[in-house]
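# Close look at the chain arrangement
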Amino acid sequence: MKKINVLLLVLLLLAFAGISAAQTETGQVTGKVLDPSGAVVPNAKLSLKSLSTNLVRSTVSNDAGIYLFPGVLPGDYELTTEAAGFAKSSQNVVVTVGARVGVDVRLEVGRPETVIQVTETAGQVNVETQTLSTVISRQSLADLPTLTRNPYDLVATSGNISGGDPSGRGVGYAINGQRSSSTNILLDGSANNDEFTATPGQYVPLDSVQEFSLLKSNFTAEYGRATGGVVNVATRSGTSEFHGSLYEYNRVSRLAANSFDNNANGLPKSVFT
């Protein structure tokens, strides 16, 4: 009997560990449904539609007017809300990797067939956690220059980051003055650490990364392990439309200036392609 109880405990711990790991990759959208006076609206129907895949998820607000969409992949979404006696409301929501987005919906009195499109909203503020983070978006990954084509090099674009750690561990940067080896590296919700060398277990191509977040302070319990920071990478997924990319990176000595040291010593610039 004792062995059975221990086995059940182990299975429960593994189950909760799986849930905790999944929370690091995906985000969530939550908030309250309110009427014009600020009173809560229970039993409102809400749907969250992905603008890239057209996948639609639905839920209903509870007696306190609160709704929740857990496990939301990073991307752009349309949040639609309906309730009896109110006009339908629609607004866009951006979910980043691991983010908990709070969106309160205010319904206007009107006919159900009337749709109110909310086009201008205040900047989304993280009111669900105290985590301080920086998100490196897909646009930044495409636009920022990276000679190494290594997405982890863009960690340096955030504040309170130092590249002075000579060990080269972690992602090559010290976060919050800690050793670079104290950085936890996640890939699609799973640990991506080489525990022997304290470096990334698997380097990922820049073009396969959707975005990543750099958690620098007060990150929540599901991340664990790190004392310096967490680099949380989400890879790209498919969409409802065919798409691809074509590019060329060209760096030649004819278009480059000579270095300061070469000029100071009367040396010509080196030839490279």
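This write-up is about the structure you can find in this document. (Residues numbered from 1 in each chain as written. Predicted model: local features only at pLDDT ≥ 70, side-chain atom pairs only at ≥ 80, totals over all residues. Heavy atoms only, no water.)

Let us look at the pattern of salt bridges. Counting across every chain of the model gives 2 salt bridges. A salt bridge links Arg-138 to Asp-207; the shortest N-O distance between them is 3.9 Å. In this pair, Arg-138 is assigned in helix 2 (residues 138–143) and Asp-207 in the loop between strand 16 (199–200) and strand 17 (209–217), connecting sequence segments 69 residues apart. We classify Asp-207 as partly exposed; its relative accessible area is 28%. When salt bridges with common partners are traced through the structure, they connect Arg-138, Arg-149 and Asp-207 into a single cluster. (Salt bridge = Lys/Arg side-chain N within 4 Å of Asp/Glu carboxyl O. Helix = DSSP H or I, 4+ residues; strand = E, 2+ residues; numbered from the N terminus. Buried < 20%, exposed > 50% of the residue type's maximum accessible area, 1.4 Å probe, protein only.)

Moving on, we come to the sheet that holds strand 9 (residues 115–118). With mixed pairing, the 5 strands of this open sheet are ordered in space as 3-2-5-6-9. Among the strands making up the open sheet, the edge pair consists of strand 3 (56–60) and strand 9. Neighbour-to-neighbour, the strand axes of the sheet open up by a mean angle of 25°, direction not taken into account. (Pairing = 2+ DSSP bridges. Axes fitted to C-alpha atoms, helices over the stretch in contact; angles between N-to-C directions.)

Throughout the structure, instances matching the rule amount to 2 aromatic pairs. Geometrically, the ring pair formed by Tyr-67 and Phe-69 is edge-to-face, given 6.0 Å between the ring centres and 65° between the ring planes. Here the two residues Tyr-67 and Phe-69 agree in accessibility, since each one is buried. Taking 6.1 Å as the distance between ring centres and 70° as the angle between the ring planes, the aromatic pair formed by Tyr-152 and Tyr-203 counts as edge-to-face. With a gap of 51 residues between them, Tyr-152 in the loop between helix 2 and strand 11 (161–162) and Tyr-203 in the loop between strand 16 and strand 17 connect regions that are remote in the sequence. In this structure Tyr-152 comes out as buried when scored by relative accessible area, which is 1%. When its relative accessible area of 47% is taken as the criterion, Tyr-203 is described as partly exposed. (Phe/Tyr/Trp six-rings, centres within 6.5 Å; stacked < 30°, edge-to-face > 60°.)

Quick look at the side chain of Glu-211 now. Relative to the assigned elements, Glu-211 resides in strand 17. A distance of 2.6 Å separates a polar atom in the side chain of Glu-211 from the backbone nitrogen of Val-97. Not counting residues up to four positions away in its chain, the partners in contact with Glu-211 are Pro-74, Val-95, Thr-96, Val-97, Val-135, Ile-136, Ser-137, Arg-138, Leu-141, Asn-232, Val-233 and Ala-234. (Polar contact = N/O pair within 3.5 Å; in protein donor to acceptor, adjacent residues only side chain to side chain. Contact = heavy atoms within 4.5 Å.)

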